[in-house]
Amino acid sequence: MTKAKKTLPPYEHLFSAQSLKRAYEYVNYVENVQFSQNGISCKVEGSYPYKVKIAWNDNDYTELSCTCPYDYEGYCKHIAAVLMYIEEEEEFLEIPTTTKKQKKPEWKQIIEKLSKEELQAFLIEYAADDESLINTIMIKYATPIDRVDIQKYKKIVNNIFSSASDDFGFIHYQDVYGVSHLISNLSDKAISAREKAKFEESFSISAAMCEVCIDYIQNLDDSSGWIGGLIYDAFRNIENVFHECKNETLENLIFEWLSKQMKNPDYSDYGCDEGLESIYFELGNNPPYTESTSRFIDEQLSQYEKGTDWSSKHRYNEFLMQKLVLLEKQEKTEEAQLLIEKNLQLSDIRKIKVNQLLEQKDFFKATECIKEGIRISEQENLAGVTRNWNNLLLQIYQEQNMQYELHYLARSMFLNHSDSMEYYRIYKRTVEKAKWSAELSSIIDELKKRRKTNAWHYHFSYDLANIYIEEEMWGELFIEVKDANDISVTSRYAKYLQDGFSSQLIDIYRDSIVKYAQRTGRNIYEDTKKYLKEMSKLKNGLFAAKALKEELLNTYKNRPAMKEILAPLFR
């Protein structure tokens, strides 16, 4: 095997001073290392084990990733620690492709030398002051149970959350990953228990996860979706337990527990109701639970019927739809129809009525029912619902060849919904070819009137641009793009203009890139690189793009990240 000495690209500029300082503490905690010719994947043991992947070429890093939640200046300390580790491994830098046998970290060597008594004494002493260690021990080694005991596992999950909470009871984004990591271990334990037919324990763990997670979710930053995902996974496991256990007592207990959770509006309010409701109604719409489910739905309808807030209206609508499903299964057709007629103010219920009328081929009543739905949704400022009704009306007009109604509705829909060319094409098909030129001028004039312009900002009209593309009005499109002086607009429409306006586009690209590059940040520099590449592909554009790159590097000499990203371009 031929050895060739390799070096890492510079990396210090990729990290904050604080990250580099703290990285030194983690170099000895790099584990499970897998080397490739120009890359490494490994695990870094910190507060929790994080997976790190790094790859590079001669000039730059092509991948720097870590599973930790760090989201601040530069890259995280774990990535920096791995790069420092690689530099220390001179042998690796001389071997093209190998999987190195790992030297055990010193802390592992120490543990292996300890006696059982010494290790137990150490754990007892330090666990007393370390909630995270206690939680890990409880998750991994708690005595299995052969009965339902939700409270036992609620204590464990509560301890996990409370140990991560700040003085005000809030759990910040950077701490949520650690919480979710521990609870996911508990989730794995629940699945393992189910697979071993320990159904009571499996259900107890998952039920505890749901109850505690939904209590805490309002006091933490779950923008990553980790906690919501754990709730969903727990419900899926409970569903599997129900179907696999073949134990009527446990089945009844699970359904009773699900009924109790259904009364908690937090699942719906925090977007965690999908797993719960799908299981509950799947089970509840079948014997022996139909009567219980029907009573529960009636209770919920009574509770939410007069509510005026969004949550109450949403819940009422959901339970009403489930009531109709249940009545259909019970073949109570007349009762279901009365419920529909009584609740036509709700768009989902009105949609059922419209579908009934369409099945009966009563298109006049169907369109009148839709128009009434439009009036209701407009009064309630429900733009999405209004658009859905208009789309259905448009479909009926097309199927029934109602050209007059189709013409005016399609025109209105195009003018009132940005970037919607399908409405434009429908509208165009309703106009005679001889009259289209006048219609086209009319709609262009209308869009120009609607465009807002002021002394501070130019508003680009994507609808006008789309018309110019559809009608192949390239000169008009070029003027729109030029007046916008916005690099994202230039980039989006250059492909339509490059054949006839190449030299003018080079000038537009130049002015737009110069304006854009005044901003800072790696993402800005990456975009600038992309736009320079686009510029270079225009006829006679390569020379201008190279010159502009050098101009930017000379203008912004104090931006090392820009130099790192742009310097290799066009070499």
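Let me sum up the structure you'll find in this document. In this text, all values refer to a predicted model and were calculated from it rather than measured experimentally.

Notes on the pattern of salt bridges
Think of it this way: side chains of opposite charge can pair up when their charged atoms draw near.
Thought 1: Enumeration over the complete set of coordinates arrives at 18 salt bridges.
Thought 2: With a shortest N-O distance of 3.2 Å, Glu-471 and Lys-428 are connected by a salt bridge. Taken as a pair, Glu-471 in the loop between α23 (462-470) and α24 (474-484) and Lys-428 in helix α21 (residues 421-429) lie far apart in primary sequence, 43 residues in all.
Thought 3: Glu-551 serves as the salt-bridge partner of Arg-510, at 3.0 Å between the closest nitrogen and oxygen. Taken together, the positions of Arg-510 in helix α26 (residues 502-516) and Glu-551 in helix α28 (residues 541-555) put the pair 41 residues apart, joining distant regions of the chain.
Thought 4: A cluster of three or more residues bridged by salt bridges with shared partners is formed by Glu-422, Arg-425, Arg-429 and Glu-470.

Some words on the packing of aromatic side chains
Thought 1: Counted by the stated rule, this structure contains 28 aromatic pairs.
Thought 2: Ring centres of Tyr-427 and Trp-436 lie 5.6 Å apart, and the angle between their planes is 65°; on these two criteria the pair is classed as edge-to-face.
Thought 3: Plain terms: the ring middles of Phe-460 and Tyr-493 are 5.6 Å apart, the flat faces sit at 40° to each other, and that makes the pair tilted. Taken together, the residues Phe-460 in the loop between α22 (433-450) and α23 and Tyr-493 in helix α25 (residues 487-497) connect sequence positions 33 residues apart. When sorted by exposure, Phe-460 lands in the same class as Tyr-493, which is buried.

Some details on the nonpolar core
Nonpolar side chains in soluble globular proteins tend to end up buried together.
Thought 1: Within the largest apolar cluster, 101 residues are counted, with the highest numbers of intra-cluster contacts made by Ile-54, Phe-161 and Phe-235.
Thought 2: By residue number, the principal contributor to this core is helix α9 (residues 199-216), which donates eleven residues.
Thought 3: Membership of the second largest hydrophobic core comes to 70 residues, among which are Val-354, Leu-358, Ala-410 and Leu-505.

Considering a nonpolar patch on the surface
Thought 1: A cluster of nonpolar side chains, contributed by Tyr-29, Trp-107, Ile-110, Ile-111 and Leu-114, occupies part of the molecular surface with about 400 Å² of accessible area.
Thought 2: Note on placement: Leu-114 falls in the loop between α4 (106-113) and α5 (116-127).
Thought 3: A residue is classified by how much of its surface remains accessible, and Leu-114, at 32% relative accessible area, is partly exposed.

Thoughts on a negative patch on the surface
Thought 1: On the surface, Glu-125, Asp-129, Asp-130 and Glu-131 cluster together to form a negatively charged patch.
Thought 2: Looking at the element boundaries, Asp-130 is found in the loop between α5 and α6 (131-141).

With respect to the packing of α21 against α22
Thought 1: Contact pair α21 / α22: the axes reach a minimum separation of 11 Å and the direction vectors enclose 145°. The hand of the α21/α22 crossing is right-handed. Within the contact between the two elements, α21 uses Tyr-424, Tyr-427 and Lys-428 and α22 uses Trp-436, Glu-439, Leu-440 and Ile-443.
Thought 2: Residues belonging to the contact of α21 with α22 are distributed by class as follows: five nonpolar, no polar and two charged.

Details of the sheet that holds strand β3 (residues 49-56)
Thought 1: Taken together, the four strands give an open sheet; going across it, the order is β1-β2-β3-β4, and neighbouring strands pair in antiparallel fashion. This sheet does not close on itself; its edge strands, each paired only once, are β1 (30-36) and β4 (61-66). Sheet twist, expressed as the average angle between the axes of neighbouring strands with direction ignored, equals 10°.
Thought 2: Where β3 and β4 come together, five bridges link them in antiparallel fashion. Bridging across to β4, Trp-56 finds its partner in Tyr-61.

What to know about the environment of Glu-335
Thought 1: Looking at the secondary structure, you find Glu-335 in helix α16 (residues 333-342).
Thought 2: Among the residues examined, Glu-335 registers a relative accessible area of 38% and is labelled partly exposed.
Thought 3: Along the chain, Glu-335 and Ser-268 lie 67 residues apart, while their C-alpha atoms are 28 Å from each other.

Let's talk about helix α19 (residues 383-399)
Thought 1: If you check α19, its first and last C-alpha atoms are 24 Å apart, about what 17 residues at 1.5 Å a residue would give, namely 24 Å.
Thought 2: Regarding α19, the residues found buried are Thr-386, Trp-389, Asn-390, Leu-392, Leu-393, Leu-394, Ile-396 and Tyr-397.
Thought 3: Residues of α19 that are buried make contact with α17 (347-359), α18 (363-379), α20 (403-416) and α21.
Thought 4: One or two steps after α19, the chain reaches Asn-401, where phi turns positive at roughly 55°.

Observations regarding the side chain of Thr-367
Thought 1: Mapped onto the fold, Thr-367 is located in helix α18.
Thought 2: Among the polar contacts made by the side chain of Thr-367, one reaches the main-chain carbonyl oxygen of Phe-364 at a distance of 2.8 Å.
Thought 3: Leaving out residues up to four positions away in the same chain, Thr-367 has contacts with Leu-393, Ile-396 and Tyr-397.

Details of helix α14 (residues 290-304)
Thought 1: For α14, with 15 residues, the first-to-last C-alpha span of 21 Å sits near the 21 Å given by 1.5 Å per residue.
Thought 2: Of all the positions in α14, only Thr-290, Thr-293, Ser-294, Phe-296, Ile-297, Gln-300, Leu-301 and Tyr-304 are classed as buried. Looking straight down α14, one finds its buried side chains confined to an arc of 165°; they lie on one side. Residues of α14 that are exposed and angled more than 90 degrees away from the buried face: Arg-295, Ser-302 and Gln-303.
Thought 3: Where α14 is buried, its residues contact α11 (248-262), α13 (273-284) and α15 (310-329).

About the criteria used
- Residues numbered from 1 in each chain as written.
- Predicted model: local features only at pLDDT ≥ 70, side-chain atom pairs only at ≥ 80, totals over all residues.
- Heavy atoms only, no water.
- Salt bridge = Lys/Arg side-chain N within 4 Å of Asp/Glu carboxyl O.
- Helix = DSSP H or I, 4+ residues; strand = E, 2+ residues; numbered from the N terminus.
- Phe/Tyr/Trp six-rings, centres within 6.5 Å; stacked < 30°, edge-to-face > 60°.
- Buried < 20%, exposed > 50% of the residue type's maximum accessible area, 1.4 Å probe, protein only.
- Core = buried A, V, L, I, M, F, W, Y, C linked by side-chain atoms within 4.5 Å.
- Patch = residues over 30% accessible without salt bridge, like charges linked within 9 Å, V, L, I, M, F, W, Y side chains within 5 Å.
- Areas by Shrake-Rupley, 256 points an atom, 1.4 Å probe, with all protein chains shown as cover.
- Lys, Arg positive; Asp, Glu negative; His and termini not counted.
- Charge placed at Lys NZ, Arg CZ, Asp CG, Glu CD.
- Axes fitted to C-alpha atoms, helices over the stretch in contact; angles between N-to-C directions.
- Left-handed = near helix turned anticlockwise from the far one by under 90°.
- Contact = heavy atoms within 4.5 Å.
- Nonpolar A, V, L, I, M, F, W, Y, C, P; charged D, E, K, R; others polar.
- Pairing = 2+ DSSP bridges.
- Expected span 1.5 Å × (residues − 1).
- Polar contact = N/O pair within 3.5 Å; in protein donor to acceptor, adjacent residues only side chain to side chain.
- Arc of directions from axis to C-beta.

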